[in-house]
Amino acid sequence: MQKRPKIGIIISTTRPGRFADVPTNWLFNIAKQRDDADFEIVDLRDYPMPFFEEKMALAYAPTQNEVALRWQKKISSLDGYVFVTAEYNHSIPAVLKNALDYLYAEIHRKPATFVGYGGTGGSRAVEHLRNILAEEHVASLKHTVHIGMVEMLGMLREGKSMADYPFHDDFAKRMLDHLVWWTNTLNEGRSRDEVAEAA
Ligand SMILES: Cc1cc2nc3c(=O)[nH]c(=O)nc-3n(C[C@H](O)[C@H](O)[C@H](O)COP(=O)(O)O)c2cc1C
């Protein structure tokens, strides 16, 4: 019998007063209503790793850093991912890039999708993130959510909430439909393990 997939919703910024909790909690509430997967929030604040200072890439030498080991274990325990990401200077937040640099086999051959937020809905960050994840053998999905400046300003300055922008709910549901399909499909594929793990 196929195992029930476990999907992590990763909060990719850590600064005090971050906006990230708004889209994360909104998505988690939608995700919790599903009965075809388990979801959990993974907060980078809980994994304060140093800037990457390993002697070699982790493909060649495992880290000894305790926080990085805990982060790897958490990512390894999950079958698929939603990265909730801001856009910092047209790319992803440095803390997320650093966390990804600490990963290797834990995320290989798993699917990921994205909730971006920012001036252009975080689209430039999301596209950069796809490129980074390609190197980590991650299948990035077409369906995403982009929360733009109009919605952000509405929430930050006019007391609005995600409930005032219900069209995003439909995009989120469709995104999760596809993510669960990919998660099940790649779980099955990895269980056959007919492709040698490639560096
Ligand atoms: C260092 C930094 C760089 C930013 N660069 C961009 C950018 O390139 N494009 C954009 O749309 N927003 C940019 N912003 C604005 C962020 O989208 C906005 O501050 C958002 O709330 C950041 O996410 P956070 O609150 O979860 O940290 C930047 C914010 C910071 C702090």
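Structure: above.
Note that the structure is predicted; figures quoted are calculated from it, not measured.

Novice: Tell me about the overall build of the protein chain, residues and numbers included.
Specialist: A tally of regular secondary structure across the protein chain gives six helices and six strands. Starting at the N terminus and ending at the C terminus, the protein chain contains elements arranged as β-α-β-α-β-α-β-α-β-β-α-α. Its C-alpha radius of gyration of 17 Å places the protein chain within 12% of the 16 Å reference for a compact globule of 199 residues. A principal-axis box enclosing the C-alpha atoms of the protein chain has dimensions of 50 × 40 × 25 Å. Looking at the protein chain as a whole, 49% of its 199 residues qualify as buried. When contacts within the protein chain are restricted to residue pairs at least 6 apart in sequence, long-range pairs at least 24 apart make up 81% of them. Carbon and sulfur atoms make up 53% of the accessible area of the protein chain, which totals about 10100 Å². Positive and negative side-chain charges of the protein chain, numbering 24 and 27 respectively, have mean locations separated by a distance of 2 Å.

Novice: How would you sum up the nonpolar core? Please name residues and give values.
Specialist: Ranked by size, the top nonpolar core spans 29 residues in total, and within it L27, F39, V82 and L176 carry the most contacts. Elements that contribute at least two residues to this core include exactly strand 1 (6-11), helix 1 (21-32), strand 3 (80-86), strand 4 (111-117), strand 6 (145-147), helix 5 (149-157) and helix 6 (167-192). Setting aside chain neighbours within four positions, we find L176 in contact with L27, I30, A31, R34, F39 and V82.

Novice: Help me get a handle on the site of the ligand, residues and values and all.
Specialist: Taken together, 15 residues sit near the ligand, with R15, F19, Y88, Y117 and G119 positioned nearest. Between the ligand and R15 there is a distance of 2.7 Å, counted from an oxygen atom to a side-chain nitrogen or oxygen. Within the contact set of the ligand, an oxygen atom lies 2.6 Å away from a side-chain nitrogen or oxygen of Y88. Within the complex, 71% of the 610 Å² of free accessible area of the ligand lies under protein. Tallied by class, the residues present in the shell around the ligand amount to six nonpolar, five polar and four charged.

Novice: Can you explain the packing of aromatic side chains? Please cite residues and give values.
Specialist: This structure, assessed with the given rule, holds six aromatic pairs. Consider the rings of F83 and F114, whose centres lie 6.3 Å apart with planes at 25 degrees: the pair is stacked. One end of the pair, F83, is in strand 3; the other, F114, is in strand 4, with 31 residues separating them in the sequence. A single burial state applies to F83 and to F114, both of which are buried.

Novice: Run through the environment of F51, naming residues and quoting values.
Specialist: Residue placement: F51 occurs in the loop between strand 2 (38-43) and helix 2 (66-76). By relative accessible area, F51 is classed as exposed at 61%. Separated by 51 residues in sequence, F51 and Y102 have C-alpha atoms that sit 9.6 Å apart. Not counting residues up to four positions away in its chain, the partners in contact with F51 are N98 and Y102.

Novice: Break down the side chain of R34 for me, citing the residues and quoting the values.
Specialist: The residue R34 is located in the loop between helix 1 and strand 2 in this model. A residue is classified by how much of its surface remains accessible, and R34, at 17% relative accessible area, is buried.

Novice: How would you sum up the pairing of strand 4? Please name residues and give values.
Specialist: The element strand 4 is largely enclosed, with a buried count of seven among its seven residues. Taking every second residue as pointing to the same face, both faces of strand 4 are buried, with P111, T113, V115 and Y117 on one and A112, F114 and G116 on the other. What joins strand 3 to strand 4 is helix 3 (residues 94-101), and the crossover it makes is right-handed. Two strands pair when backbone bridges link them, and strand 4 and strand 5 (residues 139-140) are joined in this way by two bridges, in the parallel orientation. In the strand pairing of strand 5, P111 is matched with A139. Bridge count for strand 4 against strand 6 is three bridges, and the pairing is parallel. When the bridges of strand 6 are listed, V115 appears paired with V145.

Criteria and thresholds
Residues numbered from 1 in each chain as written. Predicted model: local features only at pLDDT ≥ 70, side-chain atom pairs only at ≥ 80, totals over all residues. Heavy atoms only, no water. Helix = DSSP H or I, 4+ residues; strand = E, 2+ residues; numbered from the N terminus. Rg over C-alpha atoms; globule rule 2.2 N^0.38 Å. Buried < 20%, exposed > 50% of the residue type's maximum accessible area, 1.4 Å probe, protein only. Contact = heavy atoms within 4.5 Å. Areas by Shrake-Rupley, 256 points an atom, 1.4 Å probe, with all protein chains shown as cover. Lys, Arg positive; Asp, Glu negative; His and termini not counted. Charge placed at Lys NZ, Arg CZ, Asp CG, Glu CD. Core = buried A, V, L, I, M, F, W, Y, C linked by side-chain atoms within 4.5 Å. Near = heavy atom within 4 Å. Polar contact = N/O pair within 3.5 Å; in protein donor to acceptor, adjacent residues only side chain to side chain. Nonpolar A, V, L, I, M, F, W, Y, C, P; charged D, E, K, R; others polar. Phe/Tyr/Trp six-rings, centres within 6.5 Å; stacked < 30°, edge-to-face > 60°. Right-handed = clockwise from strand over helix to strand, strands pointing away. Pairing = 2+ DSSP bridges.

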